[in-house]
Structure formats: structure tokens, C-alpha cells
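Single-letter residue listing:
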Amino acid sequence: MSRALSERLIGIAGAGAYVRVDPPVLQPADVFLDLSGEDIRRRLFLLDDTGGERLCLRPDLTIPTALAYLGDADRAGLPARFAYAGKVFRQQLAGSTRPREIAQVGFECFGEVDAASADVEILGLAVEGVRAGGVADARLDLGDLGLLHGVIDGLDMPERWRAALKRTFWQGGKFRALLDRLADGDTAPNAADRRAFLAALSRLDRDAAQSMIEGVLELAGIPQTGGRTPGEIARRFLDQAADATAEPLDARARATIEAVLEVDGAPRPALDRVLEIARGAALSIDAAADAFTRRLDRMEAAGLDTASMRFSADFGRRLEYYTGFMFEVVAVRGGEDVALAGGGRYDRLLRELGAEVETPAVGCAIRIDDLARLGQGDWA
Ligand SMILES: N[C@@H](Cc1c[nH]c[nH+]1)C(=O)O
């Protein structure tokens, strides 16, 4: 890891504005299993402490920074800004050439009520950081969960489906398979048998069915698969049972979601297109659209050229704690996109970690090794 580059980037936040933190590499695993999403949880390096505690190597520094903030009684509830430099650890699939150890410099801003200005402050640090690392031709990709959630929340469907759509909207094939299942039902070859089984399950008392399935899994010696506990697997079974007997997703609702997710391009015209689709489906997403516009106004006031940015409604990141604005700073080399920095807004995470008051948050991380490799500077 290029220490010189890390130090230089930490410095761009300005002396004193961001407090430097250095959270432990070993973290309690459960928090990450619960809050960072399925993709990261499959990539966790898990370890058992002899004391019985389940630990992991930190897969990111946002959650450890939030935990450090919440652990400091003098600070909790007050706005605070933190900077860090360190490695995160993620398992890679067999054959992947992606690194397991990733050096990051990051910035987190907690408790700032002016969301648009905090978003732009963080975006500005990422852009400036990448430029300071010697990459001057990076592109900015933007996403916004607010718009998509506004649309999904306005459509008629069970709450569980909304949550599933929000979790998978950026995952291409997996998302299409989910839409197919919600709209057409289960069409797998053994669908009739599965349906009969799931329908029988859905008639049982939920708690009794849950403990029965958990019992079967434990009896079969399946303690945990793909990072899921028997309890979670049982819950998913029961959810599928409920889905199998629910009214299918309406064709118009499906078409609306698909049309929104196709929107891609410069942010202002893209927003107009999303609004047009929402209006056509009699949905009101004014609050999300206003927040989006306010943020663009702030970006322009800060001297950023929004017309050259690329908004995609299906832009998503692997981490599931994001709740609104998301972005990546991307360089193209040899025809390949290399994401040098990324981040976004995560307004629920601190509450989920135990904060006593609403604590909006936004942050970003810059990937140091890729930046040092691509940049013009001599950072070795
Ligand atoms: N932790 C995220 C970046 C981020 C910081 N804050 C919010 N997001 C990552 O590893 O990509």
C-alpha cells in the first residue's frame, strides 16, 4: 500500500475538519453479517475466538468507524466527521484476480442535517482525492435509491416484495429472475411439487413452521450455508411459501419498474425521464426528486460539471447499507472500468447499530492501490 499517497489523501480534508480514526482490524462478525448485505457477507473472513465470540476481518471501514463513534459517549448524537487509512479484507471467488486486501482512504460524515451539502462535500473529497492521486480523466457515475424507492413504495405489492426488489435491483440477472417469479410465479420444472409443499407450509402457524424447519436443518447437520443461519433459511422458506400463494405482481407495475431501471444518462434529463414514467403510473416521487435536484444544484455551485456525469437508475453498490445518493469515480483503462473511489448516503445504519437519535450519514472510500497504479505520480 502506498503510504505516501494515503497520507496525501487524508490531508485533502483539511487539518482538523475530519478526525483521524484507526478502528480495529478484527471486528464482531454479527454486525457485518446482518448489515452489509449478502454479497459482502459471502466475502467475509470469519474467525472464532476461543472465548466463543465470532469475529471477522473488517470488510469495510464504514461500519467500524460508526461503531467507534457510537462507543464514544461524549460524541454520540453530535455531528462528527472522520477520516481513516487502512486495509479492508474480502474473500474472492476461485480464479478471481481481484485482491483480498484492499487499501482504502475514507471519509465519513455523521449527523449533518443538510444532506445535499454533506453529499457534495463527500463527493468533492472523492473527486479531489482521485485527482490528487494523478488521475485527471475519471468519470463520475451516480445512483439514487430515493427515486427508485419512491416508485416501488407507490406500487401495490406485499411489503416483502418491495424489500426484495430494493435489495436486488442492481443485480441484472438475479433481479430479472425475481421479477419473473413475482409476476409469473415459480416456473421451475418441479414447480408443482414445490408449490404444493410451500402451500402446505403457508397453512401452518408461522412460529411452529419456523422451528420445525430449523430443527430439520440442524438435524441434517447444516449449521450455516452461504453465511445464513438455519433460522434465516427457515424464514426464507416461509416467505417463499407466502409468495407462492400471493397475487402475482401486476404487469403495469412490472413495466413501470423496468422502465425506471432503464433510465441512464446525464442526471438532469434522466430525472425528467424518471418523473415522466412516475407520472404515467400516477406515482408521486416529489420528495425524492426535490432532494435529487437540490444535490445537483449544490454540485454545480461547488464547480462540478453535472452534465458530464452519468446517472443510472440501476446503479448499485455491493454494500447494502446505502439509503439514497451513491456514486463511483471511475477511470477507463484498456477498455475496462476501474472504480477508484465510491460511496454514498446511509441514513439508517447508525440507528441499526444502536444510535439513540436519527443520525444521517454519508461517506466514501478511495482505493489506494488502484489509484497509485493508474495515477501519474510516483507513489511507490
Ligand atoms: N465503505 C464503502 C465506501 C463508503 C464509505 N462510506 C460510505 N461508503 C466501501 O468500502 O466501498
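Residues numbered from 1 in each chain as written. Predicted model: local features only at pLDDT ≥ 70, side-chain atom pairs only at ≥ 80, totals over all residues. Heavy atoms only, no water.

For the protein chain, an unreviewed UniProt entry supplies the name Histidine--tRNA ligase and the organism Futiania mangrovi. If you open the UniProt record of the protein chain and go to Subunit (unreviewed entry), you find "Homodimer." (UniProt positions renumbered as here; feature names shortened; annotations may be inferred.)

> Explain the overall build of the protein chain residue by residue, including any values.
In terms of regular secondary structure, the protein chain is built from 16 helices and 12 strands. Relative to the globule expectation of 21 Å for 380 residues, the C-alpha radius of gyration of the protein chain, 22 Å, shows essentially globular dimensions. When its C-alpha atoms are laid out on the principal axes, the protein chain stretches across 65 × 60 × 45 Å. For the protein chain, the proportion of its 380 residues judged to be buried stands at 49%. Partitioning the intrachain contacts of the protein chain with sequence separation of at least 6 by distance along the chain shows that 71% fall at a separation of at least 24. When the accessible surface of the protein chain is summed, it comes to about 18200 Å², and 50% of that surface belongs to carbon and sulfur atoms. (Helix = DSSP H or I, 4+ residues; strand = E, 2+ residues; numbered from the N terminus. Rg over C-alpha atoms; globule rule 2.2 N^0.38 Å. Buried < 20%, exposed > 50% of the residue type's maximum accessible area, 1.4 Å probe, protein only. Contact = heavy atoms within 4.5 Å. Areas by Shrake-Rupley, 256 points an atom, 1.4 Å probe, with all protein chains shown as cover.)

> Now, about a nonpolar patch on the surface: what can you tell me, with residues and values included?
Nonpolar side chains collect at one region of the surface, where Leu204, Met212 and Val216 lie side by side and expose about 270 Å² of accessible area between them. Note that Leu204 resides in the loop between helix 9 (191-202) and helix 10 (206-219). For Leu204, a relative accessible area of 43% gives the class partly exposed. (Patch = residues over 30% accessible without salt bridge, like charges linked within 9 Å, V, L, I, M, F, W, Y side chains within 5 Å. Salt bridge = Lys/Arg side-chain N within 4 Å of Asp/Glu carboxyl O.)

> Any chance you could break down the packing of helix 6 (residues 145-154) against helix 7 (residues 159-168) for me, citing the residues and the numbers?
The relative placement of two packed helices is expressed as an angle between their axes plus a distance between the axes. Close contact between helix 6 and helix 7 brings their axes to 10 Å; oriented N to C, the two are set at 155°. By the angle class used here, helix 6 and helix 7 are roughly antiparallel. Between helix 6 and helix 7 lies a crossing of right-handed hand. Contacts between helix 6 and helix 7 involve His149, Ile152 and Asp153 from the first element and Arg162, Leu165 and Lys166 from the second. Taken together, the residues of the contact of helix 6 with helix 7 break down into 2 nonpolar, 1 polar and 3 charged. (Axes fitted to C-alpha atoms, helices over the stretch in contact; angles between N-to-C directions. Parallel < 35°, antiparallel > 145°, perpendicular 65-115°, else oblique. Left-handed = near helix turned anticlockwise from the far one by under 90°. Nonpolar A, V, L, I, M, F, W, Y, C, P; charged D, E, K, R; others polar.)

> Any details on the side chain of Thr256? Residues and values, ideally.
Among the structural elements, Thr256 can be located in helix 12 (residues 251-261). For Thr256, a relative accessible area of 10% gives the class buried. In this structure the side chain of Thr256 is engaged in a polar contact, spanning 2.8 Å, whose partner is the backbone oxygen of Arg252. (Polar contact = N/O pair within 3.5 Å; in protein donor to acceptor, adjacent residues only side chain to side chain.)

> If you had to explain the sheet that holds strand 3 (residues 46-48) to someone new, which residues and values would you point to?
Here we have 3 strands laid out as an open sheet, ordered 2-4-3, and antiparallel in their pairing. Only two strands of the sheet have a single neighbouring strand rather than two, namely strand 2 (26-28) and strand 3. Pairs of neighbouring strands in the sheet enclose a mean axial angle of 40°, with direction left out of account. As defined by bridge partners, strand 2 adjoins strand 4 (residues 54-57) across 3 bridges and the pair is classed as antiparallel. Bridged to Leu26 within strand 4 is Leu57. (Pairing = 2+ DSSP bridges.)

> I'd like a rundown of the confidence of the model for the protein chain, residues and numbers included.
Averaged over every residue, the pLDDT of the protein chain is 90; the share at 70 or more is 96%. Reported confidence for the predicted complex is 0.99 by ipTM and 0.88 by pTM. (pLDDT = per-residue confidence, 0-100.)

> Report on the nonpolar core, specifying residues and quantitative values.
Counting 108 residues, the largest nonpolar core has Phe107, Ile122, Leu165, Met299 and Phe327 as its most contacted members. A per-element tally of this core places helix 5 (residues 115-132) first, with 9 residues. Formed by 9 residues, the second largest nonpolar core is a distinct cluster that contains Leu217, Ala234, Leu238 and Ala241. (Core = buried A, V, L, I, M, F, W, Y, C linked by side-chain atoms within 4.5 Å.)

> Tell me about the site of the ligand, and name the residues and values.
Neighbouring the ligand are 17 residues, the closest being Asp60, Thr62, Gln104, Glu108 and Tyr322. Separating an oxygen atom of the ligand from a side-chain N or O atom of Arg90 is a distance of 3.0 Å. When isolated, the ligand has an accessible area of 300 Å², and the protein chains bury 98% of it. If you list the elements that add at least two residues to the shell around the ligand, you get strand 6 (101-110), strand 11 (336-345) and strand 12 (361-367). Taken together, the residues of the shell around the ligand sort by class into 7 nonpolar, 6 polar and 4 charged. (Near = heavy atom within 4 Å.)

> Talk me through the pairing of strand 6; I want residue IDs and the actual numbers.
Most of strand 6 sits inside the fold, with 9 of its 10 residues counted as buried. Where strand 5 (residues 80-89) and strand 6 come together, 10 bridges link them in antiparallel fashion. Paired with Ala80 across the strands is Phe110, a residue of strand 6. Bridge count for strand 6 against strand 12 is 7 bridges, and the pairing is antiparallel. In the strand pairing of strand 12, Val105 is matched with Ile366.

> Just give me the short version of the UniProt feature "binding site: L-histidine" (unreviewed entry) in the protein chain, but keep the residues and values in it.
When the UniProt feature table is mapped to this numbering, "binding site: L-histidine" (unreviewed entry) covers Asp60, Leu61, Thr62, Arg90, Gln104, Glu108, Arg317, Tyr321 and Tyr322. Tracing the backbone through its elements, the reader meets Arg317 in the loop between strand 9 (310-312) and strand 10 (325-333). Contacts of Arg317, omitting those with residues within four sequence positions, involve Trp170, Tyr322, Met326, Phe327, Glu328, Gly342 and Gly343. Among the polar contacts listed, one links the side chain of Arg317 to the side chain of Tyr322, at a separation of 2.9 Å. Tracing the chain through its elements places Tyr321 in the loop between strand 9 and strand 10. A distance of 2.4 Å separates a polar atom in the side chain of Tyr321 from a polar atom in the side chain of Asp60.

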